[in-house]
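# Commentary on secondary and tertiary structure
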Amino acid sequence: MISPVLPTYNRADLAFVKGEGSWLVTQDGRRYLDLGAGIAVNALGHAHPALVETLTEQAQKLWHVSNVYRIPEQERLAEMLVDLTFADTVFFTNSGTETAELAIKMARKFHYENGQPERTGFVTLEGAFHGRSTGAIAAAGSEKMVKGFGPLMPGFTQIRWGDHDALRAAITDQTCAVIVEPIQGEGGIRALPDQCLKGLRDLCDSTGTLLVFDEVQCGVARTGRLFAHEWAGITPDIMMVAKGIGGGFPLGALLATERAAKGMVAGTHGSTYGGNPLGCAVGAKVLEIVSQPAFLAEVGRKAALFRQGLEALVAAHPQVFEAVRGEGLMLGLKCRAANTDVVKAGYGAGVLTVAAVDNVLRLLPALNIPDADIAEALARLDRAAAATPTAA
Ligand SMILES: Cc1ncc(COP(=O)(O)O)c(C=O)c1O
């Protein structure tokens, strides 16, 4: 018999009733160190006092009015994002997937307005993940995500990782935009080198193609810069943001230059809930905290500390782990044992991690994880590794 909850997830038999910083607590009081942070969502950990206060205060004033009216909290958050990034304008959503849909629409409309309506194609990378809508699965293209859901939205070409010739060949006079994650999350914590991001920018400029970055997972201070592409010293035309921006409240944002957004006039897009006062009040508080230079520097310091410990962990358990991957606090352990076995052993050791493809274990802790919790996480990962079944 089908469960009341549609069974699209292989869920662990764990239910939490409380969160405190980097810790999650079950009904019977068991405490787990959370290195998944709701898959890179709880950027400031669970129940951060400033976020609880902001949400509570806003909840007592106003929850929802719809986009028929001006929303001061939305205007404030948009202004903050415009001030802090390449963007001139922002559309708010409730999820990352919705930003993918708008990115596709906005990019096509740009070329349509420019008198090139034939430019409708998108180039994406193998291993990409942009969400689960029909547009987003066409962009990702992996068999696991698209099988049985066809016919897919046409116009998407996936390029093999690192195949520069294929990339150049795929961009034609029918191409609308290239969509990439500067660091793939679901795809196994794979970072595009700065040189590749710069090369992509040049290629897009010389061919009149728009460049879209999906920073849903790698953005919002996770790498020690507000957005991951900043390390490469280039900017996109359009950027997808979600997860960390709401700190746990469902919130996404599609950022764009004025030029890229020029076709998106009144009536071309909308959302009932997107940009509601609750989400935007929380988002502004998250952004106020994580955009501080001192906060970003701390992310870098904590990341170096964590990474050093992870290198030692890999050296201590060569049958379980192969290498450390990632940037900042978007870290991955490429496994030799099955990554899902390490995740399960982690439940036994009281530490929560997330599996990704390519047999990678993802570590996406709260960005303000205390040093003592990093040390505890390493000790628990060590116990989990010792308890993981290996071939040898
Ligand atoms: C890079 C990236 N893009 C898009 C999405 C989709 O976001 P959401 O699940 O909020 O719709 C995700 C979610 O994991 C993601 O990691």
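Parameters at a glance
- Residues numbered from 1 in each chain as written.
- Predicted model: local features only at pLDDT ≥ 70, side-chain atom pairs only at ≥ 80, totals over all residues.
- UniProt positions renumbered as here; feature names shortened; annotations may be inferred.
- Helix = DSSP H or I, 4+ residues; strand = E, 2+ residues; numbered from the N terminus.
- Rg over C-alpha atoms; globule rule 2.2 N^0.38 Å.
- Buried ≥ 20, exposed ≤ 12 C-beta atoms within 10 Å, placed from the backbone.
- Contact = placed C-beta atoms within 7 Å.
- Axes fitted to C-alpha atoms, helices over the stretch in contact; angles between N-to-C directions.
- Parallel < 35°, antiparallel > 145°, perpendicular 65-115°, else oblique.
- Left-handed = near helix turned anticlockwise from the far one by under 90°.
- Nonpolar A, V, L, I, M, F, W, Y, C, P; charged D, E, K, R; others polar.
- pLDDT = per-residue confidence, 0-100.
- Pairing = 2+ DSSP bridges.
- Core = buried A, V, L, I, M, F, W, Y, C linked by C-beta atoms within 7 Å.
- Near = placed C-beta within 6 Å.
- Expected span 1.5 Å × (residues − 1).

The protein chain is annotated in an unreviewed UniProt entry as Acetylornithine aminotransferase of Fuscovulum blasticum DSM 2131. According to its UniProt record, the protein chain has this under Sequence similarities (unreviewed entry): "Belongs to the class-III pyridoxal-phosphate-dependent aminotransferase family. ArgD subfamily." The UniProt entry for the protein chain carries the following comment under Catalytic activity (unreviewed entry): "N(2)-acetyl-L-ornithine + 2-oxoglutarate = N-acetyl-L-glutamate 5-semialdehyde + L-glutamate".

Right, let's talk about the overall build of the protein chain for a bit. Across its full length, the protein chain holds 12 helices and 17 strands. Expected size for 392 residues packed as a compact globule is a radius of gyration near 21 Å; at 21 Å, the protein chain falls within 12% of this value. Here the C-alpha coordinates of the protein chain stretch approximately 60 × 55 × 50 Å along the principal axes. Per-residue burial for the protein chain yields a buried fraction of 51% across its 392 residues. Within the protein chain, contacts between residues at least 6 apart in sequence are counted, and of these 75% link residues at least 24 apart.

When two helices pack together, their arrangement is given by the angle between the helix axes and the distance between those axes. Where helix H11 (residues 339-349) contacts helix H12 (residues 371-386), the axes come no closer than 8 Å and their chain directions differ by 120 degrees. With respect to each other, H11 and H12 are oriented oblique. As for the relative orientation of H11 and H12, their crossing is right-handed in sense. From H11, Val342, Ala345, Gly346, Gly348 and Ala349 reach across to H12, where they touch Arg380, Arg383, Ala384 and Ala385. Here the residues of the contact of H11 with H12 sort into five nonpolar, two polar and two charged.

Another point: the confidence of the model for the protein chain. Scored by pLDDT, the protein chain comes out at a mean of 97, with 100% of its residues at no less than 70. Taken element by element, the predicted model of the protein chain shows its lowest mean pLDDT in helix H6 (residues 143-146) (89) and its highest in strand S12 (residues 252-256) (99).

Next up on the list: the sheet that holds strand S5 (residues 121-125). Taken in spatial order, the seven strands make up an open sheet running S4-S12-S11-S10-S7-S5-S6, and their pairing is mixed. Since the sheet does not close on itself, it has two edges, and those belong to strand S4 (89-93) and strand S6 (156-159), each with one partner. Sheet twist, expressed as the average angle between the axes of neighbouring strands with direction ignored, equals 20 degrees. Alignment of strand S10 (residues 210-214) against strand S11 (residues 238-241), held across three bridges, turns out to be parallel.

What tends to happen in soluble globular proteins is that the nonpolar side chains get buried as a cluster. If you look at the biggest cluster of nonpolar residues, it comprises 119 residues, and the most contacted ones within it are Ala103, Ala107, Leu210, Val212, Ile238 and Leu254. Per-element tally for this core: the top contributor is helix H9 (residues 277-290), with eight residues. Beyond its immediate stretch of four places on either side in the chain, Leu254 contacts Val90, Phe91, Thr93, Thr99, Leu102, Ala103, Ile238 and Met240.

In the vicinity of the ligand there are 15 residues, among which Ser95, Gly96, Thr97, Gly131 and Val216 approach most closely. Here the residues of the shell around the ligand are counted per class, giving five nonpolar, seven polar and three charged.

When the UniProt feature table is mapped onto this chain numbering, "binding site: N(2)-acetyl-L-ornithine" (unreviewed entry) sits at Arg132 and Ser271. As for its placement among the helices and strands, Arg132 is situated in the loop between S5 and helix H5 (134-140). The residues contacting Arg132, other than those within four sequence positions of it, are Thr97 and Ile137. Given 16 C-beta atoms within 10 Å, Ser271 falls into the partly exposed group. Aside from chain neighbours lying at most four places away, what touches Ser271 is Asn67, Thr93 and Glu98.

Next up on the list: helix H4 (residues 96-113). A rise of 1.5 Å per residue sets the reference length of H4, with its 18 residues, at 26 Å; its end C-alpha atoms lie 26 Å apart and thus fit the reference within 8%. Most of H4 sits inside the fold, with 15 of its 18 residues counted as buried. Phi turns positive, to about 75 degrees, at Gly115, one or two residues after H4.

Turning to the sheet that holds strand S13 (residues 321-327), a few remarks are in order. Strands pair in a sheet through their backbones, by hydrogen bonds, and they do so in one of two ways: parallel or antiparallel. Read from one edge to the other, the open sheet built from four strands follows the order S13-S14-S17-S16, with strand pairing classed as antiparallel. With one partner strand each, in any of the chains shown, S13 and strand S16 (354-356) form the two edges of the open sheet. When the angles between neighbouring strand axes are averaged without regard to direction, this sheet yields 30 degrees. For S16 and strand S17 (residues 360-363), the ladder comprises three bridges, and the chain directions are antiparallel. Across the sheet, residue Val354 finds its bridge partner in S17, namely Arg362.

Moving on, we come to the pairing of strand S3 (residues 31-34). Bridge count between strand S2 (residues 23-26) and S3: three bridges; the pairing is antiparallel. Bridge pairing in S3 places Val25 opposite Arg31. Pairing between S3 and strand S15 (residues 351-352): two bridges, direction parallel. Pairing of Leu33 across the sheet is with Val351, part of S15.

Another aspect to go through is the environment of Leu331. Here Leu331 is to be found in strand S14 (residues 330-335). If we ignore the near neighbours within four places in the chain, the residues touching Leu331 are Ile189, Phe306, Arg307, Leu310, Val324, Arg325, Gly326 and Leu363.

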